[in-house]
Amino acid sequence: MALPIVAVVGRPNVGKSTLVNRIAQVDEAIVHEMRGVTRDRSYHTADWNGVDFTLIDTGGIEMGGDDAFQGSITAQAFEATREADVIIFLVDGRTGINADDEEVARILRKSSKPIFLAVNKMDNPAREDGLWEFYQLGLGDPWPVSAMHGHGTGDILDEVVAELRKLDLEPHEEVPAINVAIIGRPNAGKSSLTNKLTNNERSIVSDVAGTTRDAIDTLVEHDGELYRIVDTAGLRRKSQIDQDVEYYGFVRAMRAIDRADVALLVIDGSIGLTNEDQRVAGYAAERGCAMVIVLNKWDLVEGPEAKADIRERIEDRMTFVGYAPVVAVCALTGKKVDRIWTLIDEAYANYAKTIPTAQLNNFLSGIRESGHTISKGKAILRMKYVTQTSTCPPQFTFFCNRPDIVDDNYERYLENRLRQAFDLTGTPIRLKFKKKD
Ligand code: GDP
Ligand code: GDP
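Residues numbered from 1 in each chain as written. Chains lettered and ligands numbered in written order. Predicted model: local features only at pLDDT ≥ 70, side-chain atom pairs only at ≥ 80, totals over all residues.

Labelled according to an unreviewed UniProt entry, the protein chain appears under the name GTPase Der, originating from Adlercreutzia faecimuris. What the UniProt record of the protein chain gives under Sequence similarities (unreviewed entry) is the line "Belongs to the TRAFAC class TrmE-Era-EngA-EngB-Septin-like GTPase superfamily. EngA (Der) GTPase family." Turning to the protein chain, the UniProt record has this under Subunit (unreviewed entry): "Associates with the 50S ribosomal subunit." (UniProt positions renumbered as here; feature names shortened; annotations may be inferred.)

**Q** What should I look at first to understand the site of ligand 2 in this one?
**A** Looking at ligand 2, there are 16 residues lining it, with Gly189, Lys190, Ser191, Ser192 and Leu332 nearest. The greatest single-element share of the shell around ligand 2, amounting to three residues, is contributed by helix H6 (residues 190–199). (Near = placed C-beta within 6 Å. Helix = DSSP H or I, 4+ residues; strand = E, 2+ residues; numbered from the N terminus.)

**Q** Quick question: what am I supposed to make of the site of ligand 1 here?
**A** For ligand 1, the set of nearby residues contains 15 residues, the closest of which are Gly15, Lys16, Ser17, Thr18 and Met148. Per-element tally for the shell around ligand 1: the top contributor is helix H1 (residues 16–24), with three residues. For the shell around ligand 1, a count of residues per class yields four nonpolar, eight polar and three charged. (Nonpolar A, V, L, I, M, F, W, Y, C, P; charged D, E, K, R; others polar.)

**Q** How do you make sense of the packing of helix H7 (residues 250–259) against helix H8 (residues 275–286) when you look at a structure like this?
**A** When two helices pack together, their arrangement is captured by the angle between the axes and the distance separating the axes. Direction vectors running N to C along H7 and H8 enclose 25 degrees, while the axes themselves pass 10 Å from each other. Comparing their axes, H8 and H7 come out roughly parallel. Here the hand of the crossing between H7 and H8 comes out right-handed. Contacts from Phe250, Ala253, Met254 and Ile257 in H7 reach Val280, Tyr283 and Ala284 in H8. Partitioning the contact of H7 with H8 into residue classes produces seven nonpolar, no polar and no charged. (Axes fitted to C-alpha atoms, helices over the stretch in contact; angles between N-to-C directions. Parallel < 35°, antiparallel > 145°, perpendicular 65-115°, else oblique. Left-handed = near helix turned anticlockwise from the far one by under 90°. Contact = placed C-beta atoms within 7 Å.)

Written out as structure tokens, the structure is:
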């Protein structure tokens, strides 16, 4: 399900990451659970008063394109106004307002999104007389907070969450279809690929937007199955500052991933794997999306050596999505594009798969007989039984005497064995360990 997005904007050093870490604290345990995923510190899943949301520290977001534009405070502010549901604008109560704050405020004032002006480093609640200065930013009442000590953060979150509750994030009577998000860097070939995937098929631009937002999805029928191509940067996103600069739209990709069953990660073969590809793949893995990796512009990659290099790099640096099949295509001519449908179908089937408990327990007997066991001190891990407790993606719960001694290595070992025993290509899986004596 799509999570609402709360973005924290502000110039460097005002305390954005301190605030984000404080708010998201409660969820660090979940982050830990996602072993192997390249964690991106700029976003977290958080909850307050029972409302889940994605919290983004825009200072950590790298944008594609021009270097001068890279990470600029104005770019962050634009991205936030465009993609976030609620914006927390953080300023520094100790240093006061500077030109960057004014620039950000100017952009934010034009936005219709709910904006909270938070004045940080107000460590002493008795001394809030400095607050008046911030009214001149024209963003309403400033909220005094201390990200470091936690003063005031609960009050602001109450209001933020009240705004989030007003949003309507549920899909509107959507036609049942496999949701596919096409993600990747600007220029990787997402639009070309979308065109090729939709051209030859009966393509219906859905009249009902997926959410209340301005996303336009395309419904496609292929071999009797319906697919919804979830809108991402397929629509070209130009910066409002410089018309030639396109930015990656990481937040936009996150949004699409949140709604997707299967993510098609399009990598520009003429450039090879980039950090941006990795971080977006990490997010998809964390959100439990199935994945197919599409190496595009294969026509531009010359010679078997160069081709092998690219594939090898993906294998080495994308181990956390090692389950994702890789297909090399040319979106321009359509070569091998048809193959993508098969891979989407496989990935989706595995993502939605249910493995009978009897088969899982046969698997477990095999592990008991031939597998290695783990122990801690005198305690030996004994697995009692295993059952699938969820689908989309599949989650398996192992009942055992000592869940506390299961470590990352053992978990990885079990995952590998499960993948050998059952076809789980294309989908992440989750393992849980529960105590049972
Ligand atoms: P960012 O660049 O906006 O992400 O800022 P950071 O979160 O890295 O914080 C910048 C500096 O301000 C760090 O040295 C923090 O310890 C400090 N800081 C953050 N919040 C507070 C606060 O509430 N009070 C005080 N006194 N210092 C803070
Ligand atoms: P997007 O920004 O990810 O949507 O990328 P586009 O689909 O707009 O493609 C960017 C550029 O790459 C365009 O000029 C396309 O014609 C070109 N392109 C896309 N796919 C291929 C391909 O497979 N081979 C080659 N040579 N060019 C491609």
